Amino acid sequence: MKVNEKDIIQLPKNFDRRGNLSFIEGINHIPFKIERTYWIYDVPGGEVRGGHAYRQNQEFIVALSGSFDVSLDNGMVRRTYSLNRSYYGLYVPKGVWRQMQNFSTNALALVLASVRFDPEDYIYDYSLFTKLVKDAKL
Ligand code: TYD
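Residue numbers restart at each chain and count upward from 1, following the sequence in its written direction. Where local features are concerned, this predicted model is filtered to residues with pLDDT of at least 70; where side-chain atom pairs are given and counted, the filter is 80 or more; whole-chain, interface and lining totals use all residues. The side-chain numbers reported here are obtained from all heavy atoms of the structure, hydrogens and water having been left aside.

A. Spatial organisation of the packing of aromatic side chains. Aromatic contacts are taken between Phe, Tyr and Trp rings whose centres are within 6.5 Å, Trp giving its six-membered ring; a plane angle under 30 degrees counts as stacked, one over 60 as edge-to-face, and the others as tilted. Applying the stated criterion to the full structure yields nine aromatic pairs. On the numbers, 5.1 Å between centres and 25° between planes, the contact of Phe68 with Phe103 is stacked. Remark: Phe103 occurs in the loop between strand E10 (97-101) and strand E11 (108-113) and Phe68 occurs in strand E7 (residues 68-73); sequence separation between them is 35 residues. The burial state of Phe68 is the same as that of Phe103; both residues are buried. Note on Tyr122 and Tyr124: the rings are 5.2 Å apart at their centroids and 20° apart in plane angle, and the pair reads as stacked. On the basis of relative accessibility, which here comes to 18%, the residue Tyr122 falls in the buried class. Geometrically, a lysine NZ or arginine CZ counts as sitting over a ring once it is within 6 Å of the ring centre and also within 35 degrees of the ring normal. Over the ring of Tyr87 we find Lys13; its NZ or CZ atom is 4.2 Å from the centre of that ring. Here a helix means four or more residues in a row that DSSP labels H or I, a strand means two or more in a row labelled E, and each is numbered from the N terminus. Think of it in three bands: with a 1.4 Å probe and only protein chains considered, a residue is buried below 20% of the maximum accessible area for its type, exposed above 50%, and partly exposed in between.

Shown next as C-alpha cells:
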C-alpha cells in the first residue's frame, strides 16, 4: 500500500458570502461507500489517538475545525499529514497503521468509515502489523 500526497483529496467548495459549503459523496469524492461516521473532539493537549491499523476498514478524515496531524505507515514508509481545512481530507486505505496527534484547541476530526464498527477489524500490535505486511496478509 502506498502512502503519498494522493491520499489528500480535495472536496467541492461552494464559496458564498453567506458562508462556505463543502460536501462529500461516497464513491464519488471518496473511493468507498460510507457505512459509518464518527467524530473526535475535546482532545486534551498532547493526546494521541489511533495507533492501530484496520484489516478491512477504509477511512476519510477531515479537520472540520482546528488542526491535527495524521501519520500513515504502510510498514515501510511513514508519512505525516497536517489537516487544517474543512475542504480537503485524508484517505486512509485499509491495512495502514494510523495515528492522530498534535490536536489544536477545539479541533474537530470528522471520520467517514467504510465498515460498521467491528473490534475484530483492529490490529493494535505494531509488530503483528509489520509481520502481516511482510507476509502479504494485509
Ligand atoms: P478507537 O477506534 O480505538 O479510537 P482512536 O482510534 O481514535 O483512538 O475507539 C475508541 C473507543 O470507541 C473504543 O472503545 C471503541 C469505541 N468506538 C465505537 O464504539 N464505535 C466506533 O465507531 C468507534 C470509531 C469507536
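Back to the write-up after that little detour.
B. Representation of the pattern of salt bridges in the model. Any carboxyl oxygen of Asp or Glu that lies within 4 Å of a side-chain nitrogen of Lys or Arg is treated as forming a salt bridge with it. What the rule picks out here adds up to six salt bridges. A salt bridge links Arg78 to Asp73; the nearest nitrogen and oxygen atoms lie 2.9 Å apart. Ionic contacts of the salt-bridge type, sharing partners, join the residues Lys33, Glu35 and Arg116 into one network.

C. Inspection of the nonpolar core at higher detail. Residues enter a nonpolar core if they are buried and are Ala, Val, Leu, Ile, Met, Phe, Trp, Tyr or Cys, with the set joined through side-chain atoms within 4.5 Å. Within the largest apolar cluster, 22 residues are counted, with the highest numbers of intra-cluster contacts made by Ile61, Phe68, Val70, Leu83, Leu90 and Met100. For this core, the secondary structure elements donating two or more residues are strand E4 (36-40), strand E6 (59-65), E7, strand E8 (78-83), strand E9 (88-92) and E11. Residues Ile9, Phe32, Tyr91 and Leu110 belong to the second largest nonpolar core, which totals nine residues.

D. Region of the structure containing the site of the ligand. Residue proximity to a molecule or strand is established when one non-hydrogen atom of the residue lies within 4 Å of it. Neighbouring the ligand are the residues Arg36, Tyr38, Ile40, Arg49, Gly50, His52, Arg98, Phe117, Tyr122 and Tyr124. The term polar contact refers here to a pair of N or O atoms within 3.5 Å; inside protein, the definition further demands a hydrogen-donor-capable atom paired with an acceptor-capable atom, and it admits residues adjacent in sequence only when both atoms are side-chain atoms. Between the ligand and His52, the relevant distance is 2.5 Å, taken from an oxygen atom to a side-chain nitrogen or oxygen of the residue. Using a 1.4 Å probe, the Shrake-Rupley method yields the accessible areas, and only the shown protein chains count as cover for residues. Here the ligand has 530 Å² of accessible area as a free molecule, and 62% of this is covered by the chains. Of all the elements in the fold, those that place two or more residues in the shell around the ligand are E4 and strand E5 (49-54). Note that Gly is not counted as nonpolar here; it falls among the polar residues with everything else outside the nonpolar set of Ala, Val, Leu, Ile, Met, Phe, Trp, Tyr, Cys and Pro and the charged set of Asp, Glu, Lys and Arg. Of the residues belonging to the shell around the ligand, the class tally is five nonpolar, two polar and three charged.

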